Amino acid sequence: MVKKKTKNPPIMSHEFVIQNHADILAVILMIVFGGLLLPATKEFCKRFIEFQYGFTPETGETVRNTFGKSSTQYARGWLDVLAIFFQTIILIIFQAVIHDYFLEKYSKRFHLSKTTHSRFNESAHLLIWFVCSGIYAINIIINHNLLADLSSIWTSYPETLMPWEVKAFMIVQISYWLHSYPELYFHKVRKDEMFYRIRYYSLHLAFVTCAYVLCMWKLAVLLISLHHVTEAIFHLSRLAHFSDRKQLFNFSYNSWSAIFTFTRIVTIGASGYVYFVGLATSQSQGIDFDSCIFNTASIRLVSFLAVGMLQVWLMASFCCMLVRRRTEEEKVRSLQIAALRNKNKKNTQGGSSKKLKSQ
């Protein structure tokens, strides 16, 4: 019998949007780039592509944009929403390309179940993101000597201006976690996985956005770099587990277990010192929306509690996972021992019966 051809889904149906979402969003990008060619829409379309609120300290002049490293510093403003929207679309298209042309072909080799296949793709996308983001954050730390002058975190507060590469880093951070929400729909994520994924995305989005709005990019870059390196190792261990590579899994999992605890301790310690020692002695005190100053005892306490409680919750989840893994390993060992004992009993019984028959 000749196989029937699969019909294309109706236009603008759910299946049509899911299958062609990258192409639909690419059309939006083409419209934005096409708007740059028309004088009437050129200035508006530029706001999607170029960072706004540029300021040159040497001359005191405000500029529209500069690309790459320069003396131009950038402030924050409502027009950053346009750049975040534009970057979100780009990230959705990039993820669709990676998923369709690389991950789908590679993951089919392992013959995974639907649930495991979904988690495999999730960890693969997050591994790529955390590796790229971690390298970018470390590059910012090296270029701006953040580790050599940690006191600048509170002495230069509020950090109302930032270099181009820092603003790009923070906007892409916000855009990535925003783009993760529609990806749940595009990849048909199961309902039982929705809760922990939305919680995971929301926590990252909330803390990155607060750091950007509250003018704390230096502390954010330092903590993000450490956190993303830790998360990259974790998702590498998950991929090794799903692909049944035991040596890589044992090495990456043990490395992650050690670095995870170190990251939580450093995050709590650094946040406590910055909020209760550094910012408490800063000259910029009080609340001033125009100057981007949010430095009162109550705000510092709430900020530290938010960071601290998150680290405690992560450590508690980590400890529960270790206990669960050990109990599962003990159950497997007990079953293996019981199976060996049964085999030995059968062998001894078989040997004795043979002796009786021979007698």
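Residues numbered from 1 in each chain as written. Predicted model: local features only at pLDDT ≥ 70, side-chain atom pairs only at ≥ 80, totals over all residues. Heavy atoms only, no water.

Undergrad: I'm lost on the overall build of the protein in this one. Help?
TA: Looking only at helices and strands, one finds 10 helices and 6 strands in the protein. Within the protein, the fraction of its 359 residues that count as buried is 41%. Of all intrachain contacts in the protein linking residues separated by at least 6 positions in sequence, the fraction that spans at least 24 positions is 72%. A total accessible area of about 21600 Å² is found for the protein, and carbon and sulfur atoms account for 66% of it. (Helix = DSSP H or I, 4+ residues; strand = E, 2+ residues; numbered from the N terminus. Buried < 20%, exposed > 50% of the residue type's maximum accessible area, 1.4 Å probe, protein only. Contact = heavy atoms within 4.5 Å. Areas by Shrake-Rupley, 256 points an atom, 1.4 Å probe, with all protein chains shown as cover.)

Undergrad: I'm lost on the environment of glutamate 231 in this one. Help?
TA: Mapping glutamate 231 onto the fold places it in helix 8 (residues 217–242). With 25 residues separating them along the chain, glutamate 231 and tryptophan 256 place their C-alpha atoms 8.1 Å apart. Once you skip the residues sitting within four places of it in the chain, glutamate 231 turns out to touch Phe130 and Tyr200. Here tyrosine 200 takes part through its side chain, which lies 2.6 Å from a polar atom of the side chain of glutamate 231. (Polar contact = N/O pair within 3.5 Å; in protein donor to acceptor, adjacent residues only side chain to side chain.)

Undergrad: In this structure, what is going on with helix 6 (residues 164–186)? I would like to understand it.
TA: Side chains that are three or four residues apart share a direction in an α-helix, a result of its 3.6 residues per turn. When the terminal C-alpha atoms of helix 6 are compared, their 32 Å separation across 23 residues agrees well with the 33 Å that a helix rising 1.5 Å per residue should span. A maximum bend of about 25° is found in helix 6 at serine 180, where proline proline 182 lies one to four positions downstream. With 17 of its 23 residues buried, helix 6 lies for the most part within the structure. The first or second residue beyond helix 6 is lysine 188, which carries a positive phi of 55°. (Expected span 1.5 Å × (residues − 1). Bend = angle between axes of the 7 residues up to and from the residue.)

Undergrad: Mind showing me how you'd approach the state of the cysteines here?
TA: Each disulfide is one covalent bond, formed between the sulfur atoms of two cysteines. This model, assessed by the stated rule, comprises 1 disulfide. Across the disulfide from cysteine 215 sits cysteine 292; the S-S distance is 1.9 Å. Between cysteine 215 and cysteine 292 the disulfide shows an S-S torsion of about 95°. By sign, it is right-handed. Taken together, the residues span a long stretch of sequence, with cysteine 215 in the loop between helix 7 (191–213) and helix 8 and cysteine 292 in the loop between strand 5 (286–288) and strand 6 (293–295) at a distance of 77 residues. Its relative accessible area of 0% is what places cysteine 215 among the buried residues. (Disulfide = S-S within 2.5 Å.)

Undergrad: Whenever I open this one, the nonpolar core confuses me. Can you help?
TA: Considering soluble globular proteins, one finds that nonpolar side chains tend to be buried as a cluster. Among the nonpolar cores identified, the biggest contains 55 residues, and Met170, Trp177 and Val221 are the most heavily contacted of them. For this core, the secondary structure elements donating two or more residues are helix 3 (80–107), helix 4 (114–143), helix 5 (152–155), helix 6, helix 7, helix 8, helix 9 (246–278) and strand 6. Here the element with the most residues in this core is helix 8; it accounts for 10 residues. Non-local contacts of tryptophan 177, meaning those with residues more than four positions away in its chain, are made with Leu126, Trp129, Phe130, Tyr200, Tyr201, His204 and Leu205. (Core = buried A, V, L, I, M, F, W, Y, C linked by side-chain atoms within 4.5 Å.)

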